[in-house]
Amino acid sequence: MRNNSILTLVLSIILSFSIEAQIDVVQNIFSKMDIAPQHTLWDGSQTMLMGYTKLMGAAIDIPGPTLNYIEGDSIELKLRNMSQGASHTIHLHGLDVDQQNDGVPHLSFEVGHNETKSYFFKAPHPGTYLYHCHVTSTLHVQAGMYGLLIVRPSSSNLTWNGGHHFHQEKAWMTSELDTIWHSDSIINQPHDTTTNQVLLPDYNPQYFFINGRSENQLSSQTISASVDENILLRLANIGFYGNKYVFPYQLGAKVISSDGRPFPIEEITDTLVVLPGERYQVLFEPEIEFSDYISVSYFDLNTMQDLNTQNVSIDVQGFLSLPELNISGFEAYPNPVTNVLHLKNVQKEHVQILDASGKHICFIKNTGSVDVSRLQKGVYFLKGKKKTVKFIKQ
Ligand SMILES: [Cu+2]
């Protein structure tokens with residue numbers, strides 16, 4: 001019996017030592033509360049936030065810091081609570097972590113005011129996840145306690161090992177903000193899950209965000225790309241409204257995964273609905289030059305009515321790689337064309353469409369077909385390196 005207890009003690013010491021030794025990433029996160037309004041909204045007004053920062057002295061932004069990990073990393077995430085008196089947690093939404101480290105207060109632990117506690121977990125399958133505080137979560141999430149968690153495979157620029165290659169990536173976390181909920185008397189109180197419960201007024205957001213920005217502030221989110229570039233867009237909705245995305249058809253938007261789970265069938269679509277708490281990865285493979293907007297509508301889940309729409313510019317111009325010479329030249333059919341023009345022998349050549357006056361309209365990627373249904377009726381030219389073909393749009 002005594003031998004058994006000694007053995008158990010020795011084993012637990014070895015075990016705790018080996019767990020300690022296995023940590024690949026130690027990361028500090030601070031939870032804070034603004035002492036005065038300082039987050040600037042698109043109309044110039046300012047609001048107070050409660051949120052997370054990476055550095056103790058840093059200003060709170062929404063979303064909070066993006067947590068970036070490599071698949072398989074063992075992580076210690078240290079939360080230091082410096083906010084206004086309420087307890088906080090980090091709930092790792094969508095990650096399969098054990099209950100103790102899940103950040104759901106009554107199942108795991110809370111981090112009290114001026115305390116520091118650690119979450120231990122392993123970075124799961126590559127994908128886009130999110131985290132948020134789970135104490136009085138309706139209020140604390142609205143207050144700004146959320147951020148993205150991104151897991152990448154060991155090889156860069158792949159969605160996952162053996163997955164899609166991409167040249168650039170963007171991450172958009174959407175949310176809304178009701179300024180009433182951000183008033184001193186509501187968020188700047190020591191509320192928790194049991195005592196000091198706050199009675200929240202009806203939620204009537206006035207601001208609709210992509211990465212904490214809206215309207216004219218969204219120029220910072222503009223996507224610029226080349227025709228032959230793959231763009232990965234990571235989406236996560238931490239608001240209380242649904243999001244409806246409309247992607248320009250030229251992007252060939254493909255919904256490839258949710259969390260770390262690749263979809264068995266990758267649907268090409270120009271619309272996507274992302275409900276509160278959902279995460280998606282979308283791959284764009286533009287085929288022609290164009291400039292347009294990706295729009296996001298925010299709809300009330302009870303009435304299903306759109307309350308707001310935000311637009312982000314996307315500008316696809318030119319090619320990443322220089323076109324190679326094609327000696328034989330290409331053929332185009334049918335001619336005249338109504339909807340889709342097919343090109344033969346364009347594998348190594350980039351062909352552009354010119355109007356009758358020789359003005360450049362767009363490039364055609366080397367896939368060999370292009371939707372010309374939106375061109376006005378008339379005469380056009382297809383111009384390659386060695387050959388120009390006239391075609392008629394009817
Ligand atoms: Cu909290």
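Each remark here, short or long, concerns the structure printed above.
Residues numbered from 1 in each chain as written. Predicted model: local features only at pLDDT ≥ 70, side-chain atom pairs only at ≥ 80, totals over all residues.

Colleague: Sorry, what's going on with the sheet that holds strand β10 (residues 146-152) here?
Modeller: In a beta sheet, neighbouring strands pair by backbone hydrogen bonds and run either parallel or antiparallel. Strands sit in the order β5-β10-β9-β7 across an open sheet of 4 strands; the sheet is mixed. A single partner strand is all that each edge strand has here, and the edge strands are β5 (67-70) and β7 (91-93). Taking the axes of each pair of neighbouring strands and ignoring which way they run, one obtains an average angle of 25 degrees across the sheet. Relative to β10, strand β9 (residues 127-132) runs antiparallel, the two being bridged by 6 bridges. Of the residues in β10, the one forming a bridge with Tyr131 is Gly147. (Pairing = 2+ DSSP bridges. Helix = DSSP H or I, 4+ residues; strand = E, 2+ residues; numbered from the N terminus. Axes fitted to C-alpha atoms, helices over the stretch in contact; angles between N-to-C directions.)

Colleague: Where do I start with the sheet that holds strand β26 (residues 369-371) in this structure?
Modeller: One open sheet holds the 3 strands; their spatial order is β22-β23-β26, and the pairing between them is antiparallel. Strand pairing shows two members of the sheet lacking a second neighbour, β22 (331-333) and β26, which therefore form its edges. Averaged over all pairs of adjacent strands, the angle between strand axes in this sheet comes to 20 degrees, irrespective of strand direction.

Colleague: What am I meant to see in the environment of Leu77 here?
Modeller: Structurally, the position occupied by Leu77 is in strand β6 (residues 74-81). The exposure class assigned to Leu77 is buried, which follows from the 22 C-beta atoms found within 10 Å. The spacing of Leu77 and Ile29 is 48 residues in sequence and 7.2 Å in space, taken between C-alpha atoms. Residues contacting Leu77, with those up to four places away along its chain left out, are Gln27, Ile29, Ile90, Ser118 and Tyr119. (Buried ≥ 20, exposed ≤ 12 C-beta atoms within 10 Å, placed from the backbone. Contact = placed C-beta atoms within 7 Å.)

Colleague: Can you walk me through unusual backbone geometry in this structure?
Modeller: Following Ile62, the chain continues into Pro63 via a peptide bond in cis, with omega recorded as -5 degrees. Tracing the sequence through the fold places Pro63 in the loop between β4 (50-53) and β5. Residue Tyr333 is joined to Pro334 through a cis peptide bond whose omega torsion reads -10 degrees. Positionally, Pro334 belongs in the loop between β22 and β23 (340-344). At Asn157, a position not held by glycine, the phi torsion is positive, near 60 degrees. Summarising the element assignment, Asn157 is placed in the loop between β10 and β11 (168-177). Of note, Glu215 is a non-glycine position whose phi angle comes to about 50 degrees, a positive value. By secondary structure assignment, the location of Glu215 is in the loop between β12 (207-210) and β13 (223-225).

Colleague: Help me out: how do you make sense of the pairing of strand β20 (residues 290-299) in this one?
Modeller: For a regular strand, side chains alternate in direction, first toward one face of the sheet and then toward the other. Across 5 bridges, the pairing between strand β15 (residues 242-246) and β20 is antiparallel. Note on β20: the bridge partner recorded for Asn243 is Tyr298. One ladder, built from 10 bridges, connects β20 with strand β21 (residues 306-316); its direction is antiparallel. If you follow Asp292 over to β21, its bridge partner there is Ile314. Hairpin connection between β20 and β21: a loop of 6 residues separates the two successive antiparallel strands, and Met304 in this loop has a positive phi of roughly 60 degrees.

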